[in-house]
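# Notes for the structure review
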Amino acid sequence: MTTKTDNAAFTGVVGSGRTRVEGLDKVTGAARYAGEIPFAELAHGWLVLSTVARGRVRPVDDAAVLAMPGVLAVLHHGNAPRVDTDYIGMLGRPNPVVGLFQNDRVPFVGWPVALVVAETSEQAREAAEALDVHYDEEPHDVAFFAGHPGAYTPQDTPLVEAETAKGDVEAELETAAFVVDEEYTTPEEHHNSMEPHAATARWDEGRLDIVDSNQGSSWVAAELAQLFSLDPSSVRVRSEHVGGAFGSKGLNPHQVAAVMAATVLQRPVRVVLTRRQMFPLVGFRSPTAQRIRLAADADGRLRAFEHRSQSLTSTVVEFVEASAVLGRVMYDADAHHTLHELVRLDVPTPTWMRAPGEAPGSFAVESALDELAEKCGVDPIALRVRNEPAVGPVSGLPFSSRNVLACFEEGARRFGWADRDPRPGVRREGRWLLGTGTAAATYPSGVGPSTAAVTAEPDGTFTVRINAADIGTGARTAMVLVAADVLEVDPDRIRMRVGDSDLGPAMIAGGSMGTRSWAWAVKLAAGELRERLALGGGIPPEGITARSNTADAIGALPEMERHSFGAQFAEAAVDVTTGEVRVRRLLGIYAAGTIVNPLTARSQFIGGMTWGLSMALHEEAIRDQASGGLVGADLAGYHFAANADVPVIEADWVDDHIPGDPVGIKGVGEIGIVGVAAAIANAVWHATGARHRELPIRPDRVLRAAEEARRSAAGKSPGA
């Protein structure tokens, strides 16, 4: 057994680039996802979704469908098992959409109204499409827009403070040398993970066993136990391989439907969502209407900062797209005000989507900062340097570390920012106008309690058990490196077990908290095991196991502002004849604590930046006012960046030591998207001289802005 006591030459593996430990299994097909695992006597369920936006379901006549080949059952509000949605889960009250078939109410297009179960998936789909459901339809409203008369300030927002305020914003605006007062909008956007949502449920000797694709098996198991009034120990959820999630894979209707059907039929039942079904059922990013008001003195120092953000929510449960939180961290002023407002509409409930809040919020804030820099005649980076806060602008708390200026310094050097001509519309290559832009980025670095177990096996290997959710981020590999580093052994001797609620409670893969939370638990357990091994003695056949629980250690953390930071740089080319925008280069420099695995961390940064490009130029879900449903709710109609749209993307980081932190790790999964859309929008302004405050920056909007600029230059109004 090689441990610290007999391996003085060990140099550590955290920070070394390692390919994914499950990579070979994935590329060869040996790794099976939730919809691929075989079960004996497996039946298949297919959800039937409402075609009206508001109303009630009439009694369902399922006799003809039940007579179709292979059909085993049709569940609906008239016969489905009863569930209990009156509980407080990990993230508050559950979305009522998971309380399937409990009443006849329809609150939006795509609400589940029935489940058809058959021997094969094809039979279930054919029967589901044949089920004739009738409704008593009611008037609906799905129109979201700035200044909606139904906007209100939410009162019960446990995960985000609805409003913060200090100082007198109006007074500062009246006397400021420079003022920016503009509105910015972002559209509805959807996750669309590569692996569709899938779940298989079965009863195994009185215990509910679910194979699922999720972001936290303990989370889903606990929710299902409460929903179905089961003892928590009688529910097991496994989710070994997950093909992307981005906030959409928590508790969703397909898992509940599978459990209901398995309970009724007493055999395994699998429910897989189609791509079109994912659009209404698994959440989305709410559209936003944001107003930014900035006041600055003659030197560009902020005297007032105000960010008001409106987003939509459903009529069944409240969700806040917390777009106004970014300024609470990034920028201080004598007067500071942030506010979230909601509009209730007959639409599905939004949910968390990669960098929720910060992604759309950064577009507004970082665009407005650029506009202020233009008015002040100050370089955009210099303006941010002048407004760098010493402590949390709202909280007053110290930062655990804050190296955003180091990110800008390194990024500016590598991007060639010093050679930039600040005048807009002066660089040209044939029909292309060229411009560069920048933006700041930040995302919280939180942590959640987790348990772990590390076993020294008789054969010289080590088994790490932690209910981490590897949703494609490389979490397994990161934990291997953390354990190997503490035990001072080769990573090849570490075996990982993840994605099983029986492994014990652990933080979900969400909010960029996964690796930080899990690494802490693994580090504590491995450290204890190393100390026990150092005492000597043999290893029994069952091995020697050390366990950890980080709950007390997390509770003892001093209160601080803990965040990752970054600086985004973009070069954009704009075709003056067609309005096409092409991003030629993206550079992101980050301060994200200890980088456990540079290979997978860089992949996460680049993935986020690609998403930010897609957000800036492509993604936009359109809701039909007449039907209440989405237009083109599939990957043919919902446009996002393809390979041909993505330029050379560079992602790197600066040293970011966190004094006194027991782990030293921050999140990297979400910060990559933050600020990218603003950097691109700022680059488009620099190329054309036209400011875009509405995403995405489509060719028609580029051409319209150019025409308005020409009319304005000629002394005419845009409507002349």
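The structure presented is a predicted model; accordingly, all values stated were derived computationally and were not measured. (Residues numbered from 1 in each chain as written. Predicted model: local features only at pLDDT ≥ 70, side-chain atom pairs only at ≥ 80, totals over all residues. Heavy atoms only, no water.)

## Things to note about the nonpolar core
Within the largest apolar cluster, 81 residues are counted, with the highest numbers of intra-cluster contacts made by Leu294, Phe569, Leu586 and Ile680. Once you skip the residues sitting within four places of it in the chain, Leu586 turns out to touch Phe569, Ala570, Met609, Leu613, Pro647, Val648, Ile649, Glu650, Val676 and Ile680. (Core = buried A, V, L, I, M, F, W, Y, C linked by side-chain atoms within 4.5 Å. Buried < 20%, exposed > 50% of the residue type's maximum accessible area, 1.4 Å probe, protein only. Contact = heavy atoms within 4.5 Å.)

## As for the packing of helix H15 (residues 598-617) against helix H16 (residues 676-688)
Between H15 and H16, the shortest axis-to-axis distance is 8 Å and the interhelical angle comes to 50 degrees. When the axes of H15 and H16 are compared, the pair comes out oblique. Relative to H16, H15 is oriented so that their crossing is right-handed. Two secondary-structure elements touch here, H15 through Met609, Gly612, Leu613, Met615, Ala616 and Leu617 and H16 through Val676, Ala677 and Ile680. Among the residues making up the contact of H15 with H16, the classes are represented as eight nonpolar, one polar and no charged. (Axes fitted to C-alpha atoms, helices over the stretch in contact; angles between N-to-C directions. Helix = DSSP H or I, 4+ residues; strand = E, 2+ residues; numbered from the N terminus. Parallel < 35°, antiparallel > 145°, perpendicular 65-115°, else oblique. Left-handed = near helix turned anticlockwise from the far one by under 90°. Nonpolar A, V, L, I, M, F, W, Y, C, P; charged D, E, K, R; others polar.)

## Here we look at unusual backbone geometry
The omega torsion of the bond from Leu695 to Pro696 falls at -5 degrees, within 30 degrees of zero and hence cis. Structurally, Pro696 is set in the loop between H16 and helix H17 (699-713). Phi at Phe246 takes a positive value of approximately 65 degrees, unusual for a residue other than glycine. Tracing the backbone shows Phe246 in the loop between strand E11 (235-238) and helix H6 (253-265). With a phi angle near 60 degrees, Glu488 is a residue other than glycine that sits in the positive phi range. With respect to the secondary-structure elements, Glu488 resides in the loop between helix H12 (475-487) and strand E20 (494-497). Note on Glu488: relative accessible area 14%, which makes it buried.

## As for the packing of aromatic side chains
For any pair of aromatic rings, the description rests on two quantities: the centre-to-centre distance and the angle between the ring planes. Throughout the structure, instances matching the rule amount to 12 aromatic pairs. Considering the side-chain rings of Phe279 and Tyr638, the 5.8 Å spacing of their centres and the 75 degrees angle between planes classify their relative orientation as edge-to-face. Of this pair, Phe279 sits in helix H7 (residues 275-281) while Tyr638 sits in the loop between strand E25 (630-631) and strand E26 (648-653); the two residues are 359 residues apart in sequence, bridging distant segments of the chain. Here Phe279 and Tyr638 have matching classes, each one buried. The interplanar angle of 35 degrees and the centroid separation of 5.5 Å between the aromatic rings of Phe415 and Phe569 together place this pair among those described as tilted. Here Phe569 lies in strand E22 (residues 563-575) and Phe415 lies in helix H11 (residues 404-415), a separation of 154 residues in the sequence. One exposure class covers both Phe415 and Phe569, and it is buried. Among the aromatic residues, ring-to-ring pairing joins Phe408, Phe415, Trp417 and Phe569 into one connected group. Over the face of the ring belonging to Phe399 we find Arg402, whose NZ or CZ atom lies 4.7 Å from the ring centre. (Phe/Tyr/Trp six-rings, centres within 6.5 Å; stacked < 30°, edge-to-face > 60°. Lys NZ or Arg CZ within 6 Å of the ring centre and 35° of its normal.)

## A look at the pattern of salt bridges
Going through the model one piece at a time under the given rule, you end up with 59 salt bridges. Note that Arg238 and Asp209 form a salt bridge whose closest N and O atoms lie 2.6 Å from each other. Of this pair, Arg238 sits in strand E11 while Asp209 sits in strand E10 (residues 207-212), and the two are 29 residues apart along the sequence. Residue class for Asp209 comes out buried when judged on its relative accessible area of 5%. When salt bridges with common partners are traced through the structure, they connect Glu410, Arg413, Arg414, Arg585, Arg602, Glu650 and Asp652 into a single cluster. (Salt bridge = Lys/Arg side-chain N within 4 Å of Asp/Glu carboxyl O.)

## Here's the deal with the confidence of the model for the chain
Of all residues in the chain, 98% have pLDDT values of 70 or greater, and the mean over the chain is 95. Ignoring residues within four places in sequence, the model shows residues 1-8, a span with pLDDT below 50, making 19 contacts including any to other chains. (pLDDT = per-residue confidence, 0-100.)

## Description of the sheet that holds strand E7 (residues 163-166)
Strands sit in the order E7-E15-E14-E13-E8 across an open sheet of five strands; the sheet is mixed. Looking along the sheet, the strands with just one partner apiece sit at the ends: E7 and strand E8 (178-186). Strand-to-strand twist in this sheet, taken as the mean axis angle between neighbours without regard to direction, amounts to 15 degrees. Looking at chain direction, E7 and strand E15 (residues 335-344) are connected through four bridges and run antiparallel. Opposite Ala165, over in E15, you have His337 as the bridge partner. Sitting on the sheet, helix H9 (residues 358-376) is in contact with E8, strand E13 (288-296) and strand E14 (302-313), with an inclination near 150 degrees to E8. (Pairing = 2+ DSSP bridges.)

## Observations concerning the packing of H12 against helix H13 (residues 514-534)
Between H12 and H13, the shortest axis-to-axis distance is 9 Å and the interhelical angle comes to 30 degrees. Comparing their axes, H13 and H12 come out roughly parallel. Like other packed secondary-structure pairs, H12 and H13 cross with a definite hand, here right-handed. Of the residues in H13, those touching H12 at Ala475, Ala478, Met479, Val482, Ala483, Val486 and Leu487 are Thr515, Trp518, Ala519, Val522, Lys523, Ala526, Gly527, Leu529 and Arg530. Class assignment of the residues belonging to the contact of H12 with H13 gives a composition of 12 nonpolar, two polar and two charged.

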